Amino acid sequence: MKIKTVSTQSELPVDIAVISAKNFAEALTQVIGHSEDERIGLVVWAGAGDLIPADIKTALVEPMEHIGYTQKREAKTKVNLAREGLQLSDINVEHFLKTHFAQIDAHAMRGCSHVFDDISKKSHNAYTSDFLKAFNAASDLECFSRLDRLQTTSDTSFFHRDRLINANECRIFRNVAGAGTVFMEEEHVGIMGYGGQLGLKDARAATAWVLNQWDVGFLIPSKKGGMAHTWPSKDMGVGTGKRHFETMDVTTRDTLFPARA
């Protein structure tokens, strides 16, 4: 299997599109535009990390060293604005997100009090707030689910889909440190096996794709449920050890991707 990095210079398969943007709102507009091509399952915002100051990047990576393996799947919070009858414009975003990350500290990183220092929280707050504002401007935000996870590399790959099938949903992620998610071209994906695992038609002939560190990926809905992907693994020769990545699931009241409805 060949492993290639997604970039603006890459000769990409029809499944992947690359954008460059000056801010989150511009990026989202381009993502929505690319969704008119039903073959695309992943849109990559290349160079998104260039907008992040070096000291902020350091602040986001440093907490990795304090989080143990047993806590890797615990950092999960969900905020459902629809249940509270709220829109993003109705709430104090700064206070809302401070509470949000305090919950992550309390529940996800137990045993390591205050892992996210002030600069980490501020940078997370700004990043999340800007994304939410962009989505809310495109279509009234219904809810978002933010996951901050530290994962160790598995010994074996497990290709699967994230089951994104509704035209008002989007999953956004970025790799903060370590080897990133591995995406597979659709033409190489075989039948679904036990536990939802996807087989490959011919792994030797296949090309898989990874994102540059700090690039942002948008998984958008498809009839099949999203682009096939896996975590980096030793049997693929793509990195070992810990990785830290962030994902944000966004759901809107109105259809965000009309061409996918």
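**Q** Help me understand unusual backbone geometry in this model?
**A** With the exception of glycine, most residues fall at negative phi, and the peptide bonds are largely trans. One non-glycine residue, Arg163, adopts positive backbone phi at about 60°. Turning to its location among the elements, Arg163 is positioned in the loop between strand 5 (141-152) and strand 6 (169-177). A positive phi angle, close to 80°, is found at Trp214, a residue other than glycine.

**Q** Please clarify how the pattern of salt bridges should be interpreted in this entry.
**A** Side-chain pairs of opposite charge can arise where the charged atoms are in close proximity. Scanning the entire structure with this criterion turns up 6 salt bridges. The closest approach of N and O atoms between Lys224 and Glu186, which form a salt bridge, is 3.2 Å. Here Lys224, found in the loop between strand 11 (216-219) and strand 12 (229-230), pairs with Glu186, found in the loop between strand 7 (182-184) and strand 8 (189-192); they are 38 residues apart in sequence, far enough to count as distant. Each of Arg161, Glu186 and Lys224 takes part in salt bridges that share partners, so that together they form one network.

**Q** Where do I start with the packing of helix 1 (residues 24-34) against helix 4 (residues 118-138) in this structure?
**A** Following both chains from N to C, one finds helix 1 and helix 4 inclined at 50°, their axes separated by 9 Å at the closest point. One way to sum up the angle between helix 1 and helix 4 is to call them oblique. The hand of the helix 1/helix 4 crossing is right-handed. Across from Phe24, Ala25, Leu28 and Ile32 in helix 1, the residues of helix 4 making contact are Tyr127, Asp130, Phe131, Ala134, Phe135 and Ala138. Among the residues forming the contact of helix 1 with helix 4, the class breakdown is 9 nonpolar, no polar and 1 charged.

**Q** How should the packing of helix 2 (residues 54-61) against helix 4 be read in this particular structure?
**A** When two helices pack together, their arrangement is given by the angle between the helix axes and by the axis-to-axis distance. Contact pair helix 2 / helix 4: the axes reach a minimum separation of 9 Å and the direction vectors enclose 105°. With respect to each other, helix 2 and helix 4 are oriented roughly perpendicular. Packed against helix 2, whose contacting residues are Asp55, Ile56, Ala59 and Leu60, the element helix 4 presents Ile119, Ser120, Ser123 and His124 at the interface. For the contact of helix 2 with helix 4, the residue count by class is 4 nonpolar, 3 polar and 1 charged.

**Q** Help me understand the confidence of the model for the protein chain in this model?
**A** Low pLDDT marks regions whose predicted coordinates should not be analysed in detail. Counting all residues, the mean pLDDT for the protein chain is 79, and 76% of those residues have values of 70 or more. Note on residues 68-76: pLDDT under 50 across the span, and 23 contacts to partners over four residues away in sequence or across chains.

The rules behind each value
- Residues numbered from 1 in each chain as written.
- Predicted model: local features only at pLDDT ≥ 70, side-chain atom pairs only at ≥ 80, totals over all residues.
- Heavy atoms only, no water.
- Helix = DSSP H or I, 4+ residues; strand = E, 2+ residues; numbered from the N terminus.
- Salt bridge = Lys/Arg side-chain N within 4 Å of Asp/Glu carboxyl O.
- Axes fitted to C-alpha atoms, helices over the stretch in contact; angles between N-to-C directions.
- Parallel < 35°, antiparallel > 145°, perpendicular 65-115°, else oblique.
- Left-handed = near helix turned anticlockwise from the far one by under 90°.
- Contact = heavy atoms within 4.5 Å.
- Nonpolar A, V, L, I, M, F, W, Y, C, P; charged D, E, K, R; others polar.
- pLDDT = per-residue confidence, 0-100.

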